[in-house]
Amino acid sequence: MNGIVEVRGVRLGEGAPKICVSLTGRTREDLREEAAMLRTIDLDFAEWRVDFFEAVDSIGTVREVLAELRGLLGNIPLIFTFRSAREGGQRELPTDDYIRLNREAAASGHADAVDIELFAGDEAVRDLTAEACRLGVVSIVSNHDFDKTPPKEELTARLRRARELGADVPKLAVMPRDPGDVLALLEATYIASSEGLGPVITMSMDRTGAISRVAGGTFGSALTFGAAKQASAPGQLAASELRGILNALYGG
């Protein structure tokens, strides 16, 4: 597989890790303010964490806000993400509603990528990645473990499985209990990247894993998340500081 995924001219998997900042507003007004702020930050991707949105149960409202965000963000690539509570998000949705929400986002023409949870069910993941591909939308197939870091072999297997189910970009985020867990995540990243699974996104969370958010690119991670108004996961660094750190590590 080609190790590069290009979105609105941003080449994921080439050069330094790209920077993504999440929109986590509860209301339309919150999201408008966040989108305006993101236009002032040196970033590469924006992510709408729609599980934070108070009207996520209304597909029509979600589509309207997605269109509005697309206009406010200009040409910044936009990732659409509903993160389930079992993987660290704000709420759960029935499987059918989860599938419909992601289908609608992919079909809207306003989301450049959709984040699909690896453990949403093999059939659902295959269907959603195939639909995203048909629509020209990038599929990120992700798994988040907020309790622990599985063994290196399991981490590698999850990244491989994401690719087998159709992911353009496999993604993995885990919680370390000690520095050895961070090393396991970075080694799994290197193995998956070396196998040509396409660009992969990985991170070890919390303060112990913060180093993975800047050094992960050395091991093959193609994107890192920074915090602006509100962090969307523990251990995120300030987005305003990330570019300077990455430039120092990888060259401006």
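Residues numbered from 1 in each chain as written. Predicted model: local features only at pLDDT ≥ 70, side-chain atom pairs only at ≥ 80, totals over all residues. Heavy atoms only, no water.

## Describing the UniProt feature "active site" (unreviewed entry) in the chain
Per the UniProt record, "active site" (unreviewed entry) is found at His144 and Lys171. Separation in sequence by 28 residues is not matched in space for these annotated residues, since their most distant C-alpha atoms are only 8.5 Å apart. Structurally, the position occupied by His144 is in strand S7 (residues 138–145). Other than its neighbours up to four places away in sequence, His144 contacts Arg83, Glu87, Lys171 and Ala173. Of note is the side chain of His144, whose polar atom sits 3.4 Å from the side chain of Arg83. Relative to the assigned elements, Lys171 resides in strand S8 (residues 169–174). What makes Lys171 buried here is its relative accessible area of 6%. With residues near it in sequence (within four places) discarded, Lys171 still touches Arg83, Asp115, Ile140, Val141, Ser142, Asn143, His144, Leu159, Ile201, Met203 and Phe225. (UniProt positions renumbered as here; feature names shortened; annotations may be inferred. Helix = DSSP H or I, 4+ residues; strand = E, 2+ residues; numbered from the N terminus. Contact = heavy atoms within 4.5 Å. Polar contact = N/O pair within 3.5 Å; in protein donor to acceptor, adjacent residues only side chain to side chain. Buried < 20%, exposed > 50% of the residue type's maximum accessible area, 1.4 Å probe, protein only.)

## Some words on unusual backbone geometry
A positive phi angle, near 50°, is found at Arg8, a position not held by glycine. Among the structural elements, Arg8 can be located in the loop between strand S1 (5–7) and strand S2 (10–12). By relative accessible area, which is 34% here, Arg8 ends up partly exposed. Despite not being glycine, Asp206 has its phi angle at roughly 65°, a positive value.

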